[in-house]
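Structural characterization, general
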Amino acid sequence: MPSRHDLHPAPGPEGRVTRLIIMGPQGAGKGTQAARLAEVFGIPAISTGDIFRANIKGGTELGRLAQEYTNKGELVPDEVTDSMVRDRLGEEDAAQGFILDGYPRNAHQVGALDGILGDLGWQLDGVIELTADRDELLARIAKRAQLEGREDDTEEAIARRLDIYAEQTAPLTAAYAERGLLVQVDGIGEVTEVTDRIVAGLAAQLG
Ligand SMILES: Nc1ncnc2c1ncn2[C@@H]1O[C@H](COP(=O)(O)OP(=O)(O)OP(=O)(O)O)[C@@H](O)[C@H]1O
Ligand SMILES: [Mg+2]
């Protein structure tokens, strides 16, 4: 795996703080790549889906609420998700930087994240968009459904999530492209190859 020094030849005493978003449709490999990038940069990978799943498993009030939506493939209400992300970014480890997976997912959340980061005095460094065609995505999700048995990997819920992604989430990349933050990466290929592509794209973006 490439080291962070490949990206940041002269980090400060604490290393450089890197704040990233990873976007892409269900099955594009966001979670897998986010974990690898977290290693490379020494930052936490923060996945809203994982936080919801942990709460569902733990039987918390947030989990009970989230499950009503996740099982159907619908988005959890924005105010719930926004405040969960605000709390998570306020935790100590996020001061080193972070990679956000699963948020923002709609135009409202883009604005909410701007507000959260503004309050913290932080700015994004890059937004990765992982791309893959629908056939590849469906094949990967079907495989994951067999391996992990995620409760929301039913045919209906998957179709709904892919539709919401196409309608509400995919258009958000244009806004980040306008801000000069977007790094588009082909998500097809070996996991390690894709990581190398992202790291190369980020090296150009982060300068
Ligand atoms: N930003 C968000 N806003 C609202 N709901 C969210 C958000 N992030 C996650 N969720 C809820 O959690 C569920 C699971 O999210 P998660 O990102 O893990 O799954 P996904 O869409 O299948 O993507 P992936 O294939 O990368 O796991 C979503 O279907 C949604 O109900
Ligand atoms: Mg995921």
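Since the model is a prediction, treat every value here as computed from it, not as a measurement.

**Quick word on the UniProt feature "binding site: AMP" (unreviewed entry) in the protein**
Mapped onto the present numbering, the UniProt feature "binding site: AMP" (unreviewed entry) falls on Thr 48, Arg 53, Glu 74, Leu 75, Val 76, Gly 102, Tyr 103, Pro 104, Arg 105, Gln 109, Arg 150 and Arg 161. Their sequence span is 114 residues, while the largest C-alpha to C-alpha distance among them is 24.7 Å; these annotated residues do not converge on one region. Structurally, Arg 105 can be placed in the loop between β3 (97–101) and α6 (107–120). If sequence neighbours within four positions are ignored, Arg 105 has contacts with Leu 75, Gln 168 and Thr 169. Along the polypeptide, Gln 109 turns up in helix α6. Judged by the 22 C-beta atoms lying within 10 Å of it, Gln 109 is buried. Beyond its immediate chain neighbours, meaning those up to four positions away, Gln 109 contacts Asp 78, Thr 81, Asp 82, Tyr 103 and Pro 104.

**Let's talk about the nonpolar core**
With 32 residues, the main nonpolar core has Ile 21, Ile 22, Leu 37, Ile 99, Val 127, Ile 128 and Ile 198 as its most contacted residues. Contacts of Ile 22, omitting those with residues within four sequence positions, involve Lys 30, Gln 33, Ala 34, Ile 99, Asp 101, Ile 128 and Leu 130.

**Some details on unusual backbone geometry**
With an omega of 0 degrees, the peptide bond running from Tyr 103 to Pro 104 counts as cis. Mapped onto the elements, Pro 104 comes out in the loop between β3 and α6.

**Description of the sheet that holds β3**
Read from one edge to the other, the open sheet built from five strands follows the order β2-β3-β1-β4-β5, with strand pairing classed as parallel. The sheet is open, and its two edges are formed by β2 (45–47) and β5 (182–186), each paired on a single side. Pairwise comparison of adjacent strand axes, ignoring direction, gives a mean angle of 20 degrees for this sheet. As defined by bridge partners, strand β1 (residues 18–23) adjoins strand β4 (residues 126–131) across four bridges and the pair is classed as parallel. By the bridge assignment for β4, Ile 21 is matched with Val 127. Contacts between helix α10 (residues 191–206) and the sheet are confined to β4 and β5, with β5 contributing the most and set at about 160 degrees to the helix.

Reading the values: the criteria
- Residues numbered from 1 in each chain as written.
- Chains lettered and ligands numbered in written order.
- Predicted model: local features only at pLDDT ≥ 70, side-chain atom pairs only at ≥ 80, totals over all residues.
- UniProt positions renumbered as here; feature names shortened; annotations may be inferred.
- Helix = DSSP H or I, 4+ residues; strand = E, 2+ residues; numbered from the N terminus.
- Contact = placed C-beta atoms within 7 Å.
- Buried ≥ 20, exposed ≤ 12 C-beta atoms within 10 Å, placed from the backbone.
- Core = buried A, V, L, I, M, F, W, Y, C linked by C-beta atoms within 7 Å.
- Pairing = 2+ DSSP bridges.
- Axes fitted to C-alpha atoms, helices over the stretch in contact; angles between N-to-C directions.

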